Amino acid sequence: MARFEPAALPELLPVFYRRLFPHGAYGRWLGYGGVVKNYFQLREFSFTLRDDVYVRFQSFGSPQELERELQRTNPYKIDIGAVYSHRPNQHNTVHLGAFQPQEKELVFDIDMTDYDDVRMCCSSAEICSKCWTLMTIAVRIIDRALVEDLGVRHRLWVYSGRRGVHCWVCDDAVRKWSPALRAATVEYLTLVKGGAETVKKVNLSEPVHPFIRRSISVVEKYFEAYALVGQDILGSPESWDKVLALVPEEHREPLQGEFPKKRDSVQRWELLKGRMERVRVSGRGAAPGTPCYADWEIMLQYCFPRLDINVSKGVGHLLKSPFSVHPKTGRISVPLDLQRLDQFDPFAVPTISTLCHELDAAGNDGEQEDGGETEPKRRARDYKKTSLAPYVRVFEQFVEEMEHTRRGELLRRSDLQGDF
């Protein structure tokens, strides 16, 4: 794999935007068919250019116009904002207060730094294969809830390019949700509450909501390998004292006395879990008649998704675009294939250096064969020569599914009108 050097970005980005960026599917996604309104013209884009020059309220008359601007300016980062009442690039000409965000995908931003209090292997912007499991768990829990609990259909999950994941919920009805409804959705999906000074951040009580029970069933599939083996959360007195602080006081001392007799985190967890289950069955919790869910609370505090409510509730908030290049890692922000989520490796994601190297290695065959071939066809052949191809295909399938749903809805409306 070609090594990425940030200093090389200025010479690599023109190749990326000209030969690799999936302009066609990208324009189809953000245009949403243009049946009711021209979504694309009213959409805000922002660019981060070289030397951290930030340009907001960009908008374009067509996907082709955006494509030309990307190839002209070669932004280090692209962010996508809301669909506004007026074209964002004309916002200064609109009467004060008239320029308002009207629609936007419901988005989620899950960042590994928010788990620093419970991961032992890395901190800050660092990630490794051990803690990446937290992102896998987050996607599994949130995606299941979106589909089964909230009835959402069109979700695009994207690796950020460095230390987290994003989700774009693109259903027609959801794009029109108010900030209050978005905030309520995040509240529904939030269990871990409290800042750095809060020791116990998950508190369960009877009756335990079905969403929490289903989330526990997801966490259980990963907990031993991730938390007990990978993070070794009960591996030393220092680490197990942190876990036992989440257990009702009357159970801490007995467990502290028995933990040193056990061989490893797995055996200590079985001891703790068994005791909590017996307490739960008997109904003898911290207060008389109160079932104890300390083992579930520990699992959730260490593994449950941590969402940034401000990113999700604000209709005017911008989020990094899929297929942006991360300027520090060089990795492409690629869509996730949920069918292969457990196999996803952030360190195997192609970098812009790798892609340009792959294009060079493929040689000039295309230029010799193209004849009168159009630029889009030539570009499609270019990206298919590289390791970006499977990620573009995931994105195209997502767009095709949305288009199929839209065509079905239009046919349904047409049939209903024909009945009158």
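The sections below set out a description of the structure shown in this document. (Residues numbered from 1 in each chain as written. Predicted model: local features only at pLDDT ≥ 70, side-chain atom pairs only at ≥ 80, totals over all residues. Heavy atoms only, no water.)

Focus: empty space enclosed by the protein
Phase 1: Counted under the stated rule, the structure contains one cavity of 30 Å³ or more.
Phase 2: Each pocket or cavity is described by its volume, and for the largest cavity that value is around 30 Å³.
Phase 3: Counted by class, the lining of the largest cavity contains six nonpolar, one polar and no charged residues. (1 Å grid on protein atoms, 1.4 Å probe; cavity = no way out; pocket = protein on both sides within 12 Å on 5 of 7 lines; lining within 4 Å. Points joined across faces, edges and corners; volume = space filled by probe spheres on them. Nonpolar A, V, L, I, M, F, W, Y, C, P; charged D, E, K, R; others polar.)

Thoughts on the packing of helix α10 (residues 249-258) against helix α11 (residues 265-282)
Helix-helix packing is described using two parameters, namely the angle between the two axes and the distance between the axes.
Phase 1: In contact at an axis separation of 11 Å, α10 and α11 are set at 150° when each is read in the N-to-C sense. Here α11 runs roughly antiparallel to α10, going by the angle between their axes. As α10 runs across α11, the sense of the crossing is right-handed. Contact with α10, carried on its side by H251, P254, L255 and E258, involves L271, L272, R275, M276 and V279 of α11 and no other residues of that element.
Phase 2: Of the residues contributing to the contact of α10 with α11, the split by class is six nonpolar, one polar and two charged. (Axes fitted to C-alpha atoms, helices over the stretch in contact; angles between N-to-C directions. Helix = DSSP H or I, 4+ residues; strand = E, 2+ residues; numbered from the N terminus. Parallel < 35°, antiparallel > 145°, perpendicular 65-115°, else oblique. Left-handed = near helix turned anticlockwise from the far one by under 90°. Contact = heavy atoms within 4.5 Å.)

A few points about the environment of F99
Phase 1: Relative to the assigned elements, F99 resides in the loop between β3 (77-84) and β4 (101-103).
Phase 2: For F99 and W157, which are 58 residues apart along the polypeptide, the C-alpha to C-alpha distance reads 30 Å.
Phase 3: Discounting residues that sit within four places of it in the chain, F99 has contacts with F57, Y84, S85, H86, R87, P88, H91 and V94.

Some details on the sheet that holds strand β5 (residues 106-111)
Phase 1: Here three strands make up an open sheet; going across it, the order is β5-β7-β6 and the pairing antiparallel. The sheet is open, and its two borders are formed by β5 and β6 (155-159), each paired with just one other strand. Taken pair by pair, the neighbouring strands of this sheet meet at an average axis angle of 15°, ignoring direction.
Phase 2: The pairing of β6 with strand β7 (residues 164-169) spans five bridges and is antiparallel. Opposite Y159, over in β7, you have V165 as the bridge partner. (Pairing = 2+ DSSP bridges.)

Description of the pairing of β5
Phase 1: Within β5, six of the six residues are buried, which leaves the element mostly enclosed by the surrounding structure.
Phase 2: Residues L106, F108 and I110 line one face of β5 and the alternating positions V107, D109 and D111 line the opposite face, and both faces are buried.
Phase 3: Examined bridge by bridge, β5 and β7 share six bridges and lie antiparallel to one another. In the sheet register, D111 faces β7, and the bridge partner there is G164. (Buried < 20%, exposed > 50% of the residue type's maximum accessible area, 1.4 Å probe, protein only.)

Considering the packing of helix α5 (residues 133-149) against helix α8 (residues 210-230)
Phase 1: Relative to each other, α5 and α8 sit at 160°, their axes nearing to 10 Å. With respect to α8, the axis of α5 lies roughly antiparallel. The two elements α5 and α8 meet at a crossing, and its hand is right-handed. Two secondary-structure elements touch here, α5 through T133, L134, T136, I137, R140, I141, R144, A145, E148 and D149 and α8 through F211, R214, S215, V218, V219, Y222 and Y226.

Comments concerning the pattern of salt bridges
Phase 1: Under the defined criterion, the tally for this structure stands at 27 salt bridges.
Phase 2: For E5, the salt bridge is made with R3, and the minimal N-O distance between the two is 3.0 Å.
Phase 3: Overall, the relative accessible area of 69% leaves R3 in the exposed class.
Phase 4: Note that K201 is salt-bridged to D117, the shortest N-O span being 3.0 Å. In this pair, K201 sits in the loop between α7 (179-188) and α8 while D117 sits in the loop between β5 and α5, placing the two residues 84 residues apart along the sequence. (Salt bridge = Lys/Arg side-chain N within 4 Å of Asp/Glu carboxyl O.)

Notes on the packing of aromatic side chains
Phase 1: Here the structure, examined in full by the defined rule, presents 24 aromatic pairs.
Phase 2: Measuring from ring centre to ring centre gives 4.3 Å for Y84 and F99, while their planes differ by 5°; the resulting arrangement is stacked. Here F99 lies in the loop between β3 and β4 and Y84 lies in strand β3, a separation of 15 residues in the sequence. Take Y84 and F99: they sit in the same class, and that class is buried.
Phase 3: On the basis of an interplanar angle of 50° and a centroid distance of 4.8 Å, the ring pair of F223 and W269 is categorised as tilted. With F223 in helix α8 and W269 in helix α11, this residue pair connects regions lying 46 residues apart in the sequence.
Phase 4: Among the residues examined, W269 registers a relative accessible area of 3% and is labelled buried.
Phase 5: Pairwise contacts between aromatic rings join F16, Y17, F21, Y26, W29, W168, F323 and F395 into one cluster.
Phase 6: One cation-aromatic arrangement involves R56 over F57; the distance from NZ or CZ to the ring centre is 4.4 Å.
Phase 7: Over the aromatic face of Y39 sits the side chain of R175, whose NZ or CZ is 5.0 Å from the ring centroid. (Phe/Tyr/Trp six-rings, centres within 6.5 Å; stacked < 30°, edge-to-face > 60°. Lys NZ or Arg CZ within 6 Å of the ring centre and 35° of its normal.)

Quick look at the nonpolar core
Phase 1: Counting residues in each nonpolar core, the largest one holds 124 residues, and the members touching the most others are F16, Y26, W29, F45, L272 and I352.
Phase 2: If one sorts the elements of this core by residue count, α8 sits on top with ten residues.
Phase 3: Residue contacts for Y26: discarding those within four places in its chain leaves F21, F45, L66, I78, I80, S321, P322 and F395.
Phase 4: Membership of the second largest hydrophobic core comes to five residues, among which are A82, V94, F99 and V315. (Core = buried A, V, L, I, M, F, W, Y, C linked by side-chain atoms within 4.5 Å.)

Looking at helix α2 (residues 23-31)
Phase 1: Burial of α2 is extensive: seven of the nine residues sit out of reach of the surface.
Phase 2: If you check which residues of α2 are buried, you get H23, A25, Y26, G27, W29, L30 and G31.
Phase 3: The positive-phi residue at the C-terminal boundary of α2 is Y32, with phi of around 50°.

Remarks on unusual backbone geometry
Phase 1: Looking along the chain, the bond that leaves E206 and enters P207 is cis, with omega of -10°.
Phase 2: Here P207 lies in the loop between α7 and α8.
Phase 3: A positive phi angle is found at Y32, which is not glycine, with a value near 50°.
Phase 4: Structurally, Y32 is set in the loop between α2 and α3 (39-42).

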